[in-house]
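What follows is each chain in one-letter form.
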Amino acid sequence: MIVIYHSYIAWKGWFGLPGVISAGDYKTFSGVGLHVDQFIRNMPFGVDIFFFISGYLLTYLLVIEKEKFGKVNVPKFYIRRGLRIWPLYFFLVAVAPLLVNWLGEKQPNYWPTIALVNNFETIHTQQWTYPFSHFWSICIEEHFYLIWPLIVAFVPFKKLPVAILGLIGFSWLYKISTYLFLDSNWYQLYLHTFSRMDVILLGGLLAVFYIKKPFEFKLHWSIVVIISVVLIFLLSFDDMSNYENMLNGVTRKFVYISLLGLLMMDLLFNPDRKKAMYRFKPLLYLGKVSYGIYMYGNILILIVIKKVMYGFGISNIYFYFLLIFTLSLIVPVISYELFEKPFLKLKQRFALVKTRM
């Protein structure tokens, strides 16, 4: 979803409205094209999916660790997170000066990204800077997981749901305060750790409920189809980036997360679906390299545009998307196999709870 969104926005910015969804003049949308455009522009929702999954998985592992060993080994958690996130993150920071110079782009301010506060820098400048414009979500994750293992470690399990709900309430209060006290609030709502942590916490809440009382959750295929169609319809007509009023900015996302959560619960807690998913090895491998797909994808787009499309005078949108999707799989796979894997093997030495996920 994120690769499609970034590629589409870049195409519109460099080449104009895609002809396949225009009315024929390359300036206005066709009837269907208008909704295709809206659907794609809502694809940053993929970040919320990422947050929800992360909140579920890491909370699950922390709580199971506490139940199994009587405590959470916080230093080992930090080491595991560092070995998963930092090698690729800081590798891209290190090569950024060469990349930016090669592409003729303006050198960004490196220190906020190095210090893992890229999201706050973007809030301050209200500018997206290449090649770090998408690093904000990783920074939010790192902020959240700096504190979260301490909360899981010291809050009794029975009180953990209350603590999570309290933190979700705090996140909502922060969003409400931006409407009450800030004139320009879009960047705070979209990029601030306090604003975005509610979805991570929802994933954590699901993990706590499941550990408290494991359950099966099965949806009939017809229900899955209906929910999927409803989601596609809403994403094609509703603008999720419209934060003009408090209702939109605070609660709208929970409608989407609730619908999506039902589908995800059917994957997680439906034994039949889970078995089928684990038999589909390419999907599992795609999950392993998904961090690289996210990190490299947006960086590759400008390379393709400047060095291939403009460099060779190519303006075919199908070739453009095919090349980006191909590179967005090949480059992360190479990175995973040759660069990230050694760190992940080292990470396993600090894993106290083994999981297939």
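This text goes with the structure placed above it.
I will try to describe carefully the structure that is included in this document. Every value quoted in this text rests on a predicted model; they were computed, and no experiment measured them.

1. Considerations on helix α7 (residues 136–154)
Move 1: Look at α7: 28 Å from first C-alpha to last across 19 residues, which is about the 27 Å you get at 1.5 Å a residue.
Move 2: Most pronounced at Y145, the bend in α7 amounts to some 30°, and the proline P149 follows within four residues.
Move 3: In terms of burial, α7 is a largely internal element, 15 of the 19 residues being buried.

2. Observations concerning unusual backbone geometry
Move 1: The residue after Y130, namely P131, is reached through a cis peptide bond having omega 0°.
Move 2: With respect to the helices and strands, the residue P131 is situated in the loop between α6 (118–125) and α7.
Move 3: With a phi angle near 65°, L116 is a residue other than glycine that sits in the positive phi range.
Move 4: Mapped onto the elements, L116 comes out in the loop between α5 (110–114) and α6.
Move 5: Unusually for a residue other than glycine, Q126 sits at a positive phi of about 55°.
Move 6: Inspection of the secondary structure assignment puts Q126 in the loop between α6 and α7.
Move 7: By relative accessible area, Q126 is classed as partly exposed at 36%.

3. Describing the nonpolar core
Generally speaking, a soluble globular protein has its nonpolar side chains buried in company with each other.
Move 1: Grouped together as the largest cluster of nonpolar side chains are 84 residues, with contacts concentrated most on Y89, Y130, W148, I164 and M295.
Move 2: Among residues more than four places away in sequence, those in contact with Y89 are T113, L116, F135, I138, C139, Y291 and M295.
Move 3: Judged by nonpolar contacts, the second largest core, of 20 residues, contains V3, I301, F321 and I324.

4. Some thoughts on the pattern of salt bridges
Move 1: A complete count under the given rule lists 14 salt bridges for this structure.
Move 2: In this structure, R196 and D48 form a salt bridge, with 3.1 Å as the shortest nitrogen-oxygen distance. In this pair, R196 sits in helix α10 (residues 193–212) while D48 sits in helix α3 (residues 45–69), placing the two residues 148 residues apart along the sequence.
Move 3: Owing to a relative accessible area of 1%, R196 belongs among the buried residues under this scheme.
Move 4: Using a relative accessible area of 2% as the deciding quantity, one classes D48 as buried.
Move 5: K175 is paired through a salt bridge with D198; the nearest N and O atoms lie 2.6 Å apart. Of the two residues, K175 is situated in helix α8 (residues 160–181) and D198 in helix α10; the sequence distance between them amounts to 23 residues. An identical accessibility class is assigned to K175 and D198; each is buried.
Move 6: Among the charged side chains, a network of salt bridges with common partners joins K12, D37 and R41.

5. Thoughts on the side chain of N42
Move 1: As for its position among the elements, N42 is in the loop between α2 (31–41) and α3.
Move 2: At 2.9 Å, the side chain of N42 and the backbone nitrogen of M240 are in polar contact.
Move 3: Dropping the residues within four chain positions of it, N42 is found in contact with L235, D238, D239, M240 and S241.

6. A word on the packing of helix α1 (residues 2–15) against helix α15 (residues 290–309)
Move 1: Running from N to C, α1 and α15 cross one another at 25°; their axes reach a closest spacing of 9 Å. Judged by the inter-axis angle, α1 sits roughly parallel to α15. Remark: the crossing between α1 and α15 carries right-handed chirality. In this structure, α1 uses I2, V3, H6, S7, A10, W11, W14 and F15 to contact α15, whose residues at the interface are I293, Y294, N298, I301, L302, I305, K306 and M309.
Move 2: Among the residues making up the contact of α1 with α15, the classes are represented as twelve nonpolar, three polar and one charged.

7. So, the packing of helix α4 (residues 74–103) against α7
Move 1: Where α4 contacts α7, the two axes come as close as 10 Å, and the packing angle between them is 170°. Relative to α7, the element α4 lies roughly antiparallel. Two secondary-structure elements touch here, α4 through V74, F77, Y78, R81, I85, W86 and Y89 and α7 through I138, C139, E141, E142, Y145, L146, P149, L150 and A153.
Move 2: Here the residues of the contact of α4 with α7 are counted per class, giving 13 nonpolar, no polar and three charged.

8. What about α2?
Move 1: For α2, the full list of buried residues reads G33, D37, Q38 and I40. Viewed end-on, α2 has its buried residues packed into an arc of 165°, placing them on one side of the element. Residues of α2 that are exposed and point more than 90 degrees away from the buried face comprise G31 and V32.

9. What about the environment of Q188?
Move 1: Relative to the assigned elements, Q188 resides in helix α9 (residues 186–191).
Move 2: For Q188 and V333, which are 145 residues apart along the polypeptide, the C-alpha to C-alpha distance reads 34 Å.
Move 3: Not counting residues within four places of it along the chain, the set of residues in contact with Q188 comprises I123, Y174, T178, L182 and S195.

Cut-offs applied
- Residues numbered from 1 in each chain as written.
- Predicted model: local features only at pLDDT ≥ 70, side-chain atom pairs only at ≥ 80, totals over all residues.
- Heavy atoms only, no water.
- Helix = DSSP H or I, 4+ residues; strand = E, 2+ residues; numbered from the N terminus.
- Expected span 1.5 Å × (residues − 1).
- Bend = angle between axes of the 7 residues up to and from the residue.
- Buried < 20%, exposed > 50% of the residue type's maximum accessible area, 1.4 Å probe, protein only.
- Core = buried A, V, L, I, M, F, W, Y, C linked by side-chain atoms within 4.5 Å.
- Contact = heavy atoms within 4.5 Å.
- Salt bridge = Lys/Arg side-chain N within 4 Å of Asp/Glu carboxyl O.
- Polar contact = N/O pair within 3.5 Å; in protein donor to acceptor, adjacent residues only side chain to side chain.
- Axes fitted to C-alpha atoms, helices over the stretch in contact; angles between N-to-C directions.
- Parallel < 35°, antiparallel > 145°, perpendicular 65-115°, else oblique.
- Left-handed = near helix turned anticlockwise from the far one by under 90°.
- Nonpolar A, V, L, I, M, F, W, Y, C, P; charged D, E, K, R; others polar.
- Arc of directions from axis to C-beta.

Everything listed here is a matter of geometry and, on its own, says nothing about what the molecule does.
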